[in-house]
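Secondary and tertiary structure notes
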Amino acid sequence: MLVLFRKIGETFYIDTPGGQIKLTVIALYQNGVRLGINAPKEYNIYREELLEQLQQAQDSTSGSIEEGTLKVEYKSPLLQRLASKLQAKKQVVSDNQAESDSEDRQ
Amino acid sequence: MTEKNSECMLLVRTERFGTLEIESSKIIQIPSGLVGYGKPQIFVLLEYVAPFHWLQSVDDPSLAFVVLDGLEICKKFELVPPFGDPDTDLREDDEYAVILIVTLAEKISKSTANLLAPIFVNMRNRRGVQVVYDDDPSRVRYPIFELYELGENS
C-alpha cells in the first residue's frame, strides 16, 4: 500500500488505462475525511460498506415462491416484453450436443 | 442444432430450470455486469409467479435473481435514469425498463427489493446497466409490499 501525506485542498492523481483519477482532500474532521473524486464517467466508485450491503441483499435470492400463494396477478408489460418463456429443452439433446450448441450462441 | 425458423435458438444451461431453449433476440446484455458479480454480462429474463421474474445468467448456470418491475417506484423516488451511459446508449427519448433484484424472505410479503441499485434496460437495444444511488443506503432493502400490494393466500 502506498501511503501519502496531503494537506487540506491538496490533490493527487492516479493514472489508469481508462484515464486519470483526481483525488482532493476537501476537509478533515475528528474521525473522518471528505474527499473529492474526479474520475472518468465509466468508473464506478463505491463505499465499501455499501458494496457489502448490496452483495448481501443480492446473495439471498435462494428461496422460491409457490405458485398460487400470491393474490397479485400483475404482470409488468415492459418485463413481459423483455422476458422469454420458461421453456425447457426437450431431453433428447445429449450433453455433448448441448455443449456444441451453446458455443454457437456468440 | 435445432433451428425451426430464421431465429437462432440458444441453449441456456441453468441450475434451477435445466437447459432452456431461448431465442437469441431475447438476450439482455449488461456489459458492466452486476455490482459484486463481475464477469457475467449476458442474461435472460424468465417468467415466474406474477409479478416476479427470474434474471438468469447465461454465463453462470447457478446465478439467478428474483426480480420485479421497478419503473414506477424509481419515478416516485425521482431516481434519474443513466442518460448518456455508454453501456446502454440510453437517450432521453428511449423507452426503458427498470429491474429490481428481490431478497426473498420466508414470507413473501416481508421480502424486499433492492432499490439502491436498480438495473436500467434500454428497450431499444436490450442493453442494461446497474446504477448505484448512494444517497439512501436503507433502500437496499425496500419492502415490496409498498411496491405491489402483496398479500398472501393462506
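Residues numbered from 1 in each chain as written. Chains lettered and ligands numbered in written order. Predicted model: local features only at pLDDT ≥ 70, side-chain atom pairs only at ≥ 80, totals over all residues. Heavy atoms only, no water.

**Description of the nonpolar core**
Ranked by size, the top nonpolar core spans 58 residues in total, and within it Leu82 of chain A together with Leu45, Phe65 and Leu147 of chain B carry the most contacts. Among the elements that take part in this core, strand E7 (residues 96–103) of chain B stands out by supplying 7 residues, more than any other. Excluding anything up to four places from it in sequence, Leu45 of chain B contacts Leu79, Leu82, Ala83 and Ser84 of chain A together with Ile28, His53, Trp54, Leu55, Val67 and Ile99 of chain B. Leu50 and Ala57 of chain A together with Val35 and Val132 of chain B belong to the second-largest nonpolar core, a separate cluster that totals 8 residues. (Core = buried A, V, L, I, M, F, W, Y, C linked by side-chain atoms within 4.5 Å. Buried < 20%, exposed > 50% of the residue type's maximum accessible area, 1.4 Å probe, protein only. Helix = DSSP H or I, 4+ residues; strand = E, 2+ residues; numbered from the N terminus. Contact = heavy atoms within 4.5 Å.)

**A few points about the sheet that holds strand E3 (residues 33–38) of chain A**
Residue and element names in this part refer to chain A. Pairing is antiparallel in the open sheet, where 3 strands are placed in the order E1-E2-E3. Of all the strands in the sheet, the pair left with one neighbour each is strand E1 (11–16) and E3. Along the sheet, successive strands turn relative to each other by an average axial angle of 25°, direction set aside. Bridge analysis of strand E2 (residues 19–28) against E3 gives 6 bridges, and the strand direction is antiparallel. Paired with Thr24 across the bridge in E3 is Gly36. (Pairing = 2+ DSSP bridges. Axes fitted to C-alpha atoms, helices over the stretch in contact; angles between N-to-C directions.)

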